[in-house]
Amino acid sequence: MEKDLCFKALLKFSLGVVAIGILLFLPAGTFHYWKAWLLMGILFIPMLFAGIVLLLKNPDLLKKRLNTKESQAEQRLVINLSAAMFLLGFVLAGLNFRFGWIIAPDWLSWTGAAIFLLSYMLYAEVLKENAYLSRTVEVQKEQKVVDTGLYGIVRHPMYTITIFLFLSMPLVLGSLISFVVFLAYPVIIAKRIINEEAVLEKDLDGYTEYKKKVKYKIIPYVW
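Residues numbered from 1 in each chain as written. Predicted model: local features only at pLDDT ≥ 70, side-chain atom pairs only at ≥ 80, totals over all residues. Heavy atoms only, no water.

**Notes on the environment of serine 109**
Then step 1. By the secondary structure assignment, serine 109 is in helix α5 (residues 106–129).
Then step 2. With a relative accessible area of 0%, serine 109 lands in the buried category.
Then step 3. The spatial distance from the C-alpha of serine 109 to the C-alpha of leucine 62 is 30 Å, given a sequence separation of 47 residues.
Then step 4. Beyond its immediate sequence surroundings of up to four residues, serine 109 is in contact with Trp34, Lys35, Leu38, Leu171, Val172, Leu173 and Gly174. (Helix = DSSP H or I, 4+ residues; strand = E, 2+ residues; numbered from the N terminus. Buried < 20%, exposed > 50% of the residue type's maximum accessible area, 1.4 Å probe, protein only. Contact = heavy atoms within 4.5 Å.)

**Things to note about the pattern of salt bridges**
Then step 1. Applying the stated rule across the entire model yields seven salt bridges.
Then step 2. Note that aspartate 203 is salt-bridged to lysine 202, the shortest N-O span being 3.3 Å.
Then step 3. Exposure remark for aspartate 203: the relative accessible area of 40% places this residue in the partly exposed category.
Then step 4. By relative accessible area, which is 68% here, lysine 202 ends up exposed.
Then step 5. Counted as one network, the salt bridges with shared partners bring together Arg155, Glu197, Glu201 and Lys211. (Salt bridge = Lys/Arg side-chain N within 4 Å of Asp/Glu carboxyl O.)

**Observations concerning helix α1 (residues 2–28)**
One turn of the α-helix equals 3.6 residues, which is why residues spaced by three or four share an orientation.
Then step 1. Here α1 is 27 residues long and its end C-alpha atoms lie 39 Å apart, about the 39 Å a rise of 1.5 Å per residue gives.
Then step 2. Considering bend angle alone, the principal kink of α1 is centred on isoleucine 22 and spans about 25 degrees.
Then step 3. Listed as buried for α1 are Leu5, Phe13, Gly16, Ile20, Gly21, Leu24, Phe25, Pro27 and Ala28.
Then step 4. Two residues or fewer after α1 comes glycine 29, characterised by a positive phi angle close to 75 degrees. (Expected span 1.5 Å × (residues − 1). Bend = angle between axes of the 7 residues up to and from the residue.)

**Let's talk about the packing of aromatic side chains**
Then step 1. Across all of its chains, the model carries 16 aromatic pairs by this definition.
Then step 2. Both rings, one in phenylalanine 86 and one in phenylalanine 90, keep their centres 5.7 Å apart while their planes meet at 40 degrees; by these two values the pair is tilted. With phenylalanine 86 and phenylalanine 90 both in helix α4 (residues 73–99), this residue pair falls four residues apart, about one helical turn. For the pair phenylalanine 86 and phenylalanine 90, a shared accessibility class is recorded, and that class is buried. (Phe/Tyr/Trp six-rings, centres within 6.5 Å; stacked < 30°, edge-to-face > 60°.)

**Looking at the packing of helix α6 (residues 157–172) against helix α8 (residues 184–203)**
A pair of packed helices is characterised by two quantities: the angle between their axes and the separation of those axes.
Then step 1. As a packed pair, α6 and α8 sit with axes 10 Å apart at the nearest point and diverge in direction by 165 degrees. When the interaxial angle is binned, α6 and α8 end up roughly antiparallel. Helix-helix and strand crossings are classified by hand; for α6 and α8 the assignment is right-handed. Only Tyr185, Pro186, Ile189, Arg192, Ile193 and Glu196 of α8 make contact with α6, whose side of the interface consists of Tyr159, Thr162, Ile163 and Phe166. (Axes fitted to C-alpha atoms, helices over the stretch in contact; angles between N-to-C directions. Parallel < 35°, antiparallel > 145°, perpendicular 65-115°, else oblique. Left-handed = near helix turned anticlockwise from the far one by under 90°.)

**Quick look at a nonpolar patch on the surface**
Then step 1. A cluster of nonpolar side chains, namely Ile45, Leu48, Phe49, Ile52 and Leu56, defines an oily patch on the protein surface of about 520 Å² accessible area.
Then step 2. The topology assignment puts phenylalanine 49 in helix α2 (residues 34–57).
Then step 3. You can call phenylalanine 49 exposed: its relative accessible area is 53%. (Patch = residues over 30% accessible without salt bridge, like charges linked within 9 Å, V, L, I, M, F, W, Y side chains within 5 Å. Areas by Shrake-Rupley, 256 points an atom, 1.4 Å probe, with all protein chains shown as cover.)

**Observations regarding the packing of α5 against α6**
Then step 1. The contact between α5 and α6 brings their axes to 8 Å, and the two run at 160 degrees. As the angle between them shows, α5 and α6 are arranged roughly antiparallel. Handedness of the α5/α6 crossing: left-handed. Contacts between α5 and α6 involve Leu108, Ser109, Gly112, Ala113, Ile115, Phe116, Ser119, Tyr120, Leu122, Tyr123, Val126 and Leu127 from the first element and Pro157, Met158, Ile161, Thr162, Phe164, Leu165, Ser168, Met169, Leu171 and Val172 from the second.
Then step 2. Taken together, the residues of the contact of α5 with α6 break down into 17 nonpolar, five polar and no charged. (Nonpolar A, V, L, I, M, F, W, Y, C, P; charged D, E, K, R; others polar.)

**A few points about the side chain of threonine 160**
Then step 1. Here threonine 160 is to be found in helix α6.
Then step 2. The contact partners of threonine 160, leaving out residues within four places of it in the chain, are Val154 and Ile218.

**A look at the nonpolar core**
Then step 1. Counting residues in hydrophobic clusters, the biggest one holds 53 residues, and the most contacted among them are Leu24, Phe90, Met169, Leu173 and Phe182.
Then step 2. With residues up to four places along the chain from it excluded, the contact list for phenylalanine 182 reads Met85, Phe86, Gly89, Phe90, Phe166, Leu167, Met169 and Pro170. (Core = buried A, V, L, I, M, F, W, Y, C linked by side-chain atoms within 4.5 Å.)

**Remarks on the confidence of the model for the protein**
Then step 1. Of all residues in the protein, 92% have pLDDT values of 70 or greater, and the mean over the chain is 89.
Then step 2. Mean pLDDT across the elements of the protein bottoms out in helix α3 (residues 59–66) (76) and peaks in helix α7 (residues 176–182) (98). (pLDDT = per-residue confidence, 0-100.)

Structure below.
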């Protein structure tokens, strides 16, 4: 089983590297796009180490994170919209570099990289706090409400963190045009949360009480 899981994880990781490389370097028309290399480095190197740690210490969680097959049509729409956002955003970043439409300063890329890495650290903390974190909307067998740590501040800290992760990506790439495209993500994720909360409130014991205790979904005092 672990060999199969290792193979599946390695395959998805490799396909991710190739896919993002194509989406960035092909439109750029060159491999001399250092901001794209920076993004791929800060994205895939920590991802590789995190995958190895999960494989060794929590293979069940790794298996859940690799499963992206949504059973609900509404959630499949959210995934498709997110995929379209990434596709358009990365291609525009490459084209922006190639044709020099809007040249962002280098310090913006390094600032974006710092935000990205900090968000990645918080992402790891959420994975540590919640062993039920699947990438699909579902209630798992014997799942319990997690209300400590970051879950004591907002109900969906993972989504809060992914907003910072994804909005920092176009900054790393130095593409303000792509940043505008990625502003669609908070709207997309809001749609996912509305559906996800309906499922959790219906099927997860104690979630209604948790909503009363932790009032905000992703941003304290806002929403």
